[in-house]
Amino acid sequence: MYSDRINALPPYLFAAIDEAKDEMIAKGVDVIDLGVGDPDLPTHPHIVEALREAVLDSNTHQYPSYAGLPQFRKAAAEWCEKYKGIKLDPATEVISLIGSKEAVAHIPLAFVNPGDVVLYTEPGYPVYKIGTLFAGGEPYPLPLKAENNFLPDLDSIPADVLKKAKLFFFNYPNNPTSATADMAFFEKVVEFCKKNDIIAVHDNAYCQMTYDGYESPSFLAAKGAMDIGMELYSHSKTYNMTGWRLGFAVGNKALIKGLGKVKSNVDSGVFDAIQIAGIAALSSSQTCVNDANLVYEERRNALIEGLKAMGLEVKPPKATFYIWTPVPKGFTSISFAKLLLEEAGIVATPGVGFGDAGEGYIRFALTKPVDRIKEAVERMKKLQF
Ligand SMILES: Cc1ncc(COP(=O)(O)O)c(C=O)c1O
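Everything quoted here is computed from the prediction, not taken from an experiment.

1. Quick word on the overall build of the chain
Moving on, step 1. Looking only at helices and strands, one finds 15 helices and 12 strands in the chain.
Moving on, step 2. Radius of gyration (C-alpha) of the chain: 21 Å, near the 21 Å computed for a compact globule of 385 residues.
Moving on, step 3. Counting only C-alpha atoms, the chain reaches 60 × 55 × 50 Å along its principal axes.
Moving on, step 4. Counting over 385 residues, the chain shows a buried share of 55%.
Moving on, step 5. Working note: accessible area of the chain is about 17,100 Å², and carbon and sulfur atoms make up 53% of it.
Moving on, step 6. Measuring between centres, the 39 positive side-chain charges of the chain sit 2 Å from its 47 negative side-chain charges.

Shown next as structure tokens:
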């Protein structure tokens with residue numbers, strides 16, 4: 001019944017985790033879910049209020065424009081200049097997104113022909129691979145290893161793969177490893193992509209979720225990046241707006257146009273009222289973002305302290321709300337996740353769910369209040385491993 005492309009999809013590990021979690025809840029276990037990367041904090045009130053006003057205005061009720069409201073694109077460009085130091089033409093170098101996931105899925109359709117290789121960092125967001133497969137491309141994962149600070153080794157790619165490579169997806173601050181990248185790495189990516197005629201796509205979904213004064217740079221601020229690249233931004237994690245489905249892509253004019261060509265044929269843009277609320281998020285004070293980061297920071301510290309006390313090797317991340325830690329000796333990522341769920345009622349995501357290169361690790365998402373995280377730590381301390 002299903003197409004070959006659907007039949008070729010890898011099994012969805014996250015559905016199996018959900019099932020196991022529901023079984024535990026049905027048994028009456030008080031489950032602490034640190035699995036999903038979805039902020040538990042509500043969308044900030046001024047954004048909700050902006051939506052309320054916008055939705056009452058019937059001018060927002062018709063089909064939106066494909067590329068996004070001009071005022072949304074202008075607000076996005078201004079935000080990028082103010083917080084990321086990059087100058088963009090809102091008319092040609094910015095496009096609205098129904099969340100950054102749709103861009104990741106659609107970008108290969110715009111640029112990849114059957115047989116073209118798509119490079120992507122692994123462990124990583126699963127859609128880099130799935131979007132590639134849907135476009136008939138060949139996914140080529142670049143493993144992220146602790147000894148390389150979870151940056152890919154671009155020099156390790158065989159020449160025959162490089163010859164066929166068309167696109168490169170990368171993501172810093174990184175989900176799931178929480179690693180960050182500096183300008184020197186981004187400059188290396190520009191050089192690599194220019195030399196090999198590859199389109200660079202930087203997924204910047206976590207760029208504002210930062211701690212200890214760290215500021216995450218834009219890939220497009222690297223010299224020459226605008227010639228070959230685009231960058232994806234999302235309201236989801238920055239403003240606790242995962243359910244709203246809003247983001248924007250910025251970068252090279254021809255690349256933005258290519259993505260727009262796919263989008264105008266498969267979707268009809270973002271509800272205008274949501275874009276107007278999105279402008280409120282971008283254009284008002286960013287104190288709400290800093291406040292949320294302080295909440296995550298307290299949770300991060302509580303979890304790190306607990307994991308260290310158990311003898312697990314883990315460094316406090318500078319960004320993202322993920323803790324990525326090696327599983328204890330003798331476990332696979334799945335067997336450790338199973339132990340946590342069955343013996344401690346804790347949901348965490350096995351690293352292998354982010355690709356084979358994630359084996360040996362587990363990811364905790366800091367998406368529960370600090371008292372629940374402390375409770376999770378107490379439960380874990382009682383485990384034997
Ligand atoms: C690395 C990464 N990219 C993109 C996304 C998609 O986010 P959204 O579609 O909500 O913008 C996520 C969501 O978890 C993510 O972790």
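2. Side note on the site of the ligand
Moving on, step 1. Around the ligand, a shell composed of 14 residues is seen, among which Asp203, Tyr206, Ser234, Ser236 and Arg245 lie nearest.
Moving on, step 2. In the environment of the ligand, an oxygen atom lies 2.8 Å from a nitrogen or oxygen atom belonging to the backbone of Lys101.
Moving on, step 3. Between the ligand and Ser234, the relevant distance is 2.6 Å, taken from an oxygen atom to a side-chain nitrogen or oxygen of the residue.
Moving on, step 4. Here the ligand loses 92% of its free accessible area of 390 Å² to cover by the protein chains.
Moving on, step 5. Secondary structure elements with two or more residues in the shell around the ligand: α5 (100–111) and α10 (235–238).
Moving on, step 6. Within the shell around the ligand, the residues separate by chemical class into four nonpolar, six polar and four charged.

3. A closer look at the nonpolar core
Moving on, step 1. Among the nonpolar cores identified, the biggest contains 61 residues, and Leu119, Phe168, Phe170, Val189, Phe192, Phe219 and Phe248 are the most heavily contacted of them.
Moving on, step 2. Ile304, Ala337, Ala376 and Val377 belong to the second largest nonpolar core, which has 35 residues in total.

4. Quick look at the side chain of Asn252
Moving on, step 1. Inspection of the secondary structure puts Asn252 in the loop between β8 (247–251) and α11 (253–266).
Moving on, step 2. Judged by relative accessible area, Asn252 falls into the buried class, the value being 16%.
Moving on, step 3. For Asn252, the side chain forms a polar contact with the main-chain nitrogen of Ala254, separated by 3.0 Å.
Moving on, step 4. Ignoring anything within four residues of it in the chain, the contact list for Asn252 reads Met226, Asp227 and Gly229.

5. With respect to the sheet that holds strand β12 (residues 361–365)
Moving on, step 1. As summarised here, the arrangement of the three strands in space is β9-β12-β11, forming an open sheet in which the pairing is antiparallel. The strands lining the two open edges of the sheet, one partner per strand, are β9 (322–326) and β11 (349–350).
Moving on, step 2. As paired elements, β11 and β12 share two bridges and run antiparallel to each other. What sits directly across from Pro350, in β12, is Ile362.
Moving on, step 3. Taken strand by strand, helix α13 (residues 287–309) contacts β9 and β12, and its axis lies near 10 degrees from that of β9.

6. A closer look at the side chain of Glu231
Moving on, step 1. Among the secondary structure elements, Glu231 is positioned in strand β7 (residues 229–234).
Moving on, step 2. Buried charge without a partner: Glu231 forms no salt bridge, and the closest opposite charge is Lys84, 7.7 Å away.
Moving on, step 3. Within the local environment of Glu231, its side chain forms a polar contact with the side chain of Ser218, the two groups lying 2.5 Å apart.
Moving on, step 4. Polar contacts involving the side chain of Glu231 include one to the side chain of Tyr233, which spans 2.7 Å.
Moving on, step 5. When neighbours within four sequence positions are excluded, Glu231 is seen to be in contact with Ile86, His202, Asn204, Ser218, Phe219, Leu220, Phe248, Ala249 and Val250.

7. Quick notes on unusual backbone geometry
Moving on, step 1. Residue Tyr172 is joined to Pro173 through a cis peptide bond whose omega torsion reads -5 degrees.
Moving on, step 2. Mapped onto the elements of the fold, Pro173 is located in the loop between β5 (165–170) and α8 (183–196).
Moving on, step 3. If you check the backbone angles, Asn240 has positive phi at about 55 degrees while not being a glycine.
Moving on, step 4. Position of Asn240 among the secondary structure elements: in the loop between α10 and β8.

8. Some words on the packing of aromatic side chains
Moving on, step 1. The tally for this structure, following the rule as stated, stands at 24 aromatic pairs.
Moving on, step 2. When the ring of Tyr172 is compared with that of Phe185, the centres are 5.6 Å apart and the planes differ by 70 degrees; the resulting orientation is edge-to-face. Of this pair, Tyr172 sits in the loop between β5 and α8 while Phe185 is found in helix α8, placing the two residues 13 residues apart along the sequence.
Moving on, step 3. With a relative accessible area of 1%, Tyr172 lands in the buried category.
Moving on, step 4. For Phe185, a relative accessible area of 7% translates into the label buried.

9. Let's talk about the packing of α5 against α11
Moving on, step 1. Put simply, α5 and α11 touch, their axes get as near as 9 Å, and they point 105 degrees apart. Classified by the angle their axes make, α5 and α11 are roughly perpendicular. Residues Glu102, Ala103, His106, Ile107, Leu109, Ala110 and Phe111 of α5 form the contact with α11, whose own contacting residues are Leu255, Gly258, Leu259, Val262, Lys263 and Val266.
Moving on, step 2. Split into classes, the residues belonging to the contact of α5 with α11 amount to nine nonpolar, two polar and two charged.

10. As for the state of the cysteines
Moving on, step 1. If you walk through the whole model with that rule in mind, you get zero disulfides.
Moving on, step 2. Free cysteine: Cys80, not disulfide-bonded; nearest cysteine sulfur from Cys207 at 8.3 Å.

11. Quick notes on the sheet that holds strand β2 (residues 94–97)
Moving on, step 1. The sheet built from seven strands is open, its strands ordered β2-β8-β7-β6-β5-β3-β4 with mixed pairing. Here the strands that pair on one side only, and so sit at the sheet edges, are β2 and β4 (138–143). Recorded for the sheet is a direction-independent mean angle of 20 degrees between the axes of neighbouring strands.
Moving on, step 2. Relative to β8, β7 runs antiparallel, the two being bridged by five bridges. Bridging across to β8, Leu232 finds its partner in Ala249.
Moving on, step 3. Relative to β5, α8 is tilted by about 165 degrees, and along the sheet it contacts β3 (117–122), β5 and β6 (199–203).

About the criteria used
- Residues numbered from 1 in each chain as written.
- Predicted model: local features only at pLDDT ≥ 70, side-chain atom pairs only at ≥ 80, totals over all residues.
- Heavy atoms only, no water.
- Helix = DSSP H or I, 4+ residues; strand = E, 2+ residues; numbered from the N terminus.
- Rg over C-alpha atoms; globule rule 2.2 N^0.38 Å.
- Buried < 20%, exposed > 50% of the residue type's maximum accessible area, 1.4 Å probe, protein only.
- Areas by Shrake-Rupley, 256 points an atom, 1.4 Å probe, with all protein chains shown as cover.
- Lys, Arg positive; Asp, Glu negative; His and termini not counted.
- Charge placed at Lys NZ, Arg CZ, Asp CG, Glu CD.
- Near = heavy atom within 4 Å.
- Polar contact = N/O pair within 3.5 Å; in protein donor to acceptor, adjacent residues only side chain to side chain.
- Nonpolar A, V, L, I, M, F, W, Y, C, P; charged D, E, K, R; others polar.
- Core = buried A, V, L, I, M, F, W, Y, C linked by side-chain atoms within 4.5 Å.
- Contact = heavy atoms within 4.5 Å.
- Pairing = 2+ DSSP bridges.
- Axes fitted to C-alpha atoms, helices over the stretch in contact; angles between N-to-C directions.
- Salt bridge = Lys/Arg side-chain N within 4 Å of Asp/Glu carboxyl O.
- Phe/Tyr/Trp six-rings, centres within 6.5 Å; stacked < 30°, edge-to-face > 60°.
- Parallel < 35°, antiparallel > 145°, perpendicular 65-115°, else oblique.
- Disulfide = S-S within 2.5 Å.

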